[in-house]
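Given next are the chains, with one letter for each unit.
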Amino acid sequence: MREFWDFLVEERGNLYSFLGCVLSLIFSIILDNNGKRLAKNIAIGLTVLFFLLGVSLTWSGYIAQKGEEITEPVASEIGADFEQQFIQSTLDTSSAYASDQQYRLAIKSIYDARAVYDCEAFNDVLIDIQRSYSLHRIAAGRRFSALINSDGTVSICGSSEMGPCNTSGWRNIISVEVGDYYILGLTEAGTVVATGPTEYYTGVEDWTNITMISAGDSHCVGLAADGTLYAAGKNDYGQLNVNELYGPSPIVSVAAGYRRTVVLYADGTVKAIGRKDGGRCDMSDWVNIVSIAAGSEHTLGLTAEGKVKSTGDNEFGQCRTTGEGWCNIDIISAGDYFSMGLQSGGTVVATGQNTSYQCEVNDWENITAIAAGNAQALGLCSNGTIKCAGKQSLGLFS
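Residues numbered from 1 in each chain as written. Predicted model: local features only at pLDDT ≥ 70, side-chain atom pairs only at ≥ 80, totals over all residues. Heavy atoms only, no water.

S.K.: Explain the overall build of the protein to me, using residue names and the numbers behind them.
M.R.: Secondary structure summary: the protein contains five helices and 21 strands in total. Relative to its full complement of 398 residues, the protein shows a buried share of 47%. A sequence separation of at least 24 residues applies to 45% of the contacts in the protein between residues at least 6 apart. Per element, the accessible surface of the protein, about 19,400 Å² overall, is 51% carbon and sulfur. (Helix = DSSP H or I, 4+ residues; strand = E, 2+ residues; numbered from the N terminus. Buried < 20%, exposed > 50% of the residue type's maximum accessible area, 1.4 Å probe, protein only. Contact = heavy atoms within 4.5 Å. Areas by Shrake-Rupley, 256 points an atom, 1.4 Å probe, with all protein chains shown as cover.)

Rendered as structure tokens:
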């Protein structure tokens, strides 16, 4: 009854109509002296009927409005629940992909979800995925190739033209990188070991809490767990000035090429410092990138959709990464003058300089990792064996 009274008071037009109808009825009964009671009663009855119909409709709208006001906070709570469910579902999906080492798809699920709703949790998971994605069990350089064995030791093969490299004392290595004449190893403890001419890596023994490393021709870089960048070696083009690379988005991956340093940010964009001629650092329009690789004169970027972007010198066709076969790529690697891509099905494509037949990889199958060097291409098979195309002396492990 109280709600009905509130309705009449709040909707004054209804109150006036109601009172007018009641008074009309009273006066009609009292003043009916002309014997036209029936006609008047019919008129009054119709008036009352239409009035009650209007009241009924307006009352229904009023109650509905009140209901919306009452349920509005509940709707908000449902929205918050949906956000949490959406975030958790995305994290579960990306974790499932990552556990299967399908890192590109894991990152893609984060990128896709972030387009709908962004949150800090996505960046945290993205960083963790990139740490695993950037670990390299095989690596190839100008004079050497390296392989991490199942016991955490490292085997190497190649030329000792610029001095010997010795990894016999290395233990608990989780990622390996090869420069022109030196080799880097990342340990489980987050420290870095190196061998070869020291001018390319002086000071890396002081790096701590490192999660990924990359070796260029004459300099190297490392990314720490807290997002700090480290660099060592030659700095003739400013490739060690890594302070210039920090931005509003966290750095999630690094790559060192010939006289340049390239970084990938959590927002999927890429930036580089160092030698920039020939367009090798021209990636300002790259978006949705999940992985990067830096060769001698060119740079590669893998998109979340499995396509490969490239920039820089294309003298040998090393930037021809949009043709047949260059789709559904999960891993990329940039050699001196050629590029490699590992497809989702375990097959490999390559383009660029082929003077040593380093691009003859079309018949490779069941590959899980790749590495492009100077004149050698390496592929790690699912059974643990190594395939090599190009200069066999740089890729035949004893």
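S.K.: Can you lay out the sheet that holds strand E10 (residues 251–257) for me, pointing to particular residues and giving the numbers?
M.R.: With antiparallel pairing, the three strands of this open sheet are ordered in space as E10-E11-E12. In this open sheet, the two strands that pair with only one neighbour each are E10 and strand E12 (270–274). Each strand of the sheet is rotated relative to its neighbour by a mean of 20°, with strand direction disregarded. Where strand E11 (residues 260–265) lies against E12, five bridges are found, and the strand directions are antiparallel. Within the sheet, the bridge partner assigned to Val-262 lies in E12 and is Ala-272. (Pairing = 2+ DSSP bridges. Axes fitted to C-alpha atoms, helices over the stretch in contact; angles between N-to-C directions.)

S.K.: An account of the nonpolar core is needed here, citing residue identities and associated values.
M.R.: Val-262 and Val-270 are the most contacted members of the largest nonpolar core, which totals 39 residues. Counting residues per element, this core draws most heavily on helix H4 (residues 103–114), at six residues. In contact with Val-270, other than residues within four places in its own chain, are Val-262, Val-263, Leu-264, Tyr-265, Met-283, Trp-286, Ile-289 and Ile-292. Core analysis: the next-biggest nonpolar cluster, separate from the first, contains 15 residues, Leu-184, Val-192, Trp-207 and Ala-215 among them. (Core = buried A, V, L, I, M, F, W, Y, C linked by side-chain atoms within 4.5 Å.)

S.K.: Kindly report on helix H5 (residues 120–133), identifying the contributing residues and their values.
M.R.: The end-to-end C-alpha separation of H5 is 20 Å, in line with the 20 Å expected for 14 residues at 1.5 Å each. Among the residues of H5, those classed as buried are Phe-122, Asn-123, Val-125, Leu-126, Ile-129, Gln-130 and Tyr-133. The buried residues of H5 all sit within an arc of 165° when viewed along its axis, so they share a single face. (Expected span 1.5 Å × (residues − 1). Arc of directions from axis to C-beta.)

S.K.: Kindly report on the environment of Leu-147, identifying the contributing residues and their values.
M.R.: Position of Leu-147 relative to the elements: it lies in strand E2 (residues 144–148). The buried category is assigned to Leu-147, whose relative accessible area is 10%. Expressed as a C-alpha distance, the spacing of Leu-147 and Arg-137, which sit ten residues apart in the sequence, is 5.9 Å. Apart from the residues lying within four places of it in its own chain, the contact partners of Leu-147 are Arg-137, Ile-138, Thr-153, Val-154, Ser-155, Ile-386 and Phe-397.

S.K.: Got a sec to walk through H4? Specific residues and values, please.
M.R.: Taking 1.5 Å of rise per residue, the twelve residues of H4 would be expected to cover 16 Å, and the 17 Å separating its terminal C-alpha atoms lies within 8% of that figure. Across the twelve residues that make up H4, a large majority, nine, are buried.

S.K.: Which residues make up the confidence of the model for the protein, and what are the values?
M.R.: Looking at the protein, the pLDDT average stands at 86 and 79% of residues meet or exceed 70. Scored below 50 in pLDDT, residues 7–13 shows nine contacts in the model against residues more than four places distant or in partner chains. Every residue in residues 66–78 is under pLDDT 50, and counting partners more than four places away or in other chains gives one contact. (pLDDT = per-residue confidence, 0-100.)

S.K.: Lay out the pairing of E2 with the relevant residues and their values.
M.R.: The buried fraction of E2 is high, at five of five residues. Linkage of strand E1 (residues 138–140) to E2, two consecutive antiparallel strands, is achieved through a turn of three residues. With five bridges connecting them, E2 and strand E3 (residues 154–158) associate as antiparallel partners. In the sheet register, Phe-144 faces E3, and the bridge partner there is Gly-158. What sits between the antiparallel neighbours E2 and E3 is a turn of five residues, in which Gly-152 has the positive phi angle 90°.

S.K.: Run through the packing of H4 against H5, naming residues and quoting values.
M.R.: Put simply, H4 and H5 touch, their axes get as near as 10 Å, and they point 165° apart. Put simply, H4 runs roughly antiparallel to H5. As H4 packs across H5, the resulting crossing turns out to be left-handed. Taking contact as the criterion, the partners of Tyr-103, Arg-104, Ala-106, Ile-107, Ile-110, Tyr-111, Ala-113 and Arg-114 in H4 are, on H5, Phe-122, Asn-123, Val-125, Leu-126, Ile-129, Gln-130, Ser-132 and Tyr-133. Its residues assigned to classes, the contact of H4 with H5 shows eleven nonpolar, three polar and two charged. (Parallel < 35°, antiparallel > 145°, perpendicular 65-115°, else oblique. Left-handed = near helix turned anticlockwise from the far one by under 90°. Nonpolar A, V, L, I, M, F, W, Y, C, P; charged D, E, K, R; others polar.)

S.K.: I'd like a description of the pattern of salt bridges, backed by residues and values.
M.R.: Note on pairing: side chains with opposite charge can pair once their charged atoms come close. All chains considered together, the criterion is met by eleven salt bridges. Between Arg-142 and Asp-336 there is a salt bridge, and its shortest N-O distance comes to 3.2 Å. Of the two residues, Arg-142 sits in the loop between E1 and E2 while Asp-336 sits in the loop between strand E16 (329–334) and strand E17 (338–343), which places them 194 residues apart along the sequence. Each of Arg-275, Asp-277, Arg-280 and Glu-297 takes part in a single network of salt bridges with overlapping partners. (Salt bridge = Lys/Arg side-chain N within 4 Å of Asp/Glu carboxyl O.)

S.K.: So, unusual backbone geometry: which residues are in play, and what are the values?
M.R.: Excluding glycine, most residues fall at negative phi; most peptide bonds, likewise, are trans. With phi around 55°, Asn-172 is a residue other than glycine that occupies positive phi space. Among the secondary structure elements, Asn-172 is positioned in the loop between E3 and strand E4 (173–178). Residue Asn-172 is classed as partly exposed on the basis of its relative accessible area of 42%. Not every positive phi belongs to a glycine, and Asn-328 is a case in point at roughly 55°. Tracing the backbone through its elements, the reader meets Asn-328 in the loop between strand E15 (308–312) and E16. The exposure class assigned to Asn-328 is partly exposed, which follows from its relative accessible area of 44%.

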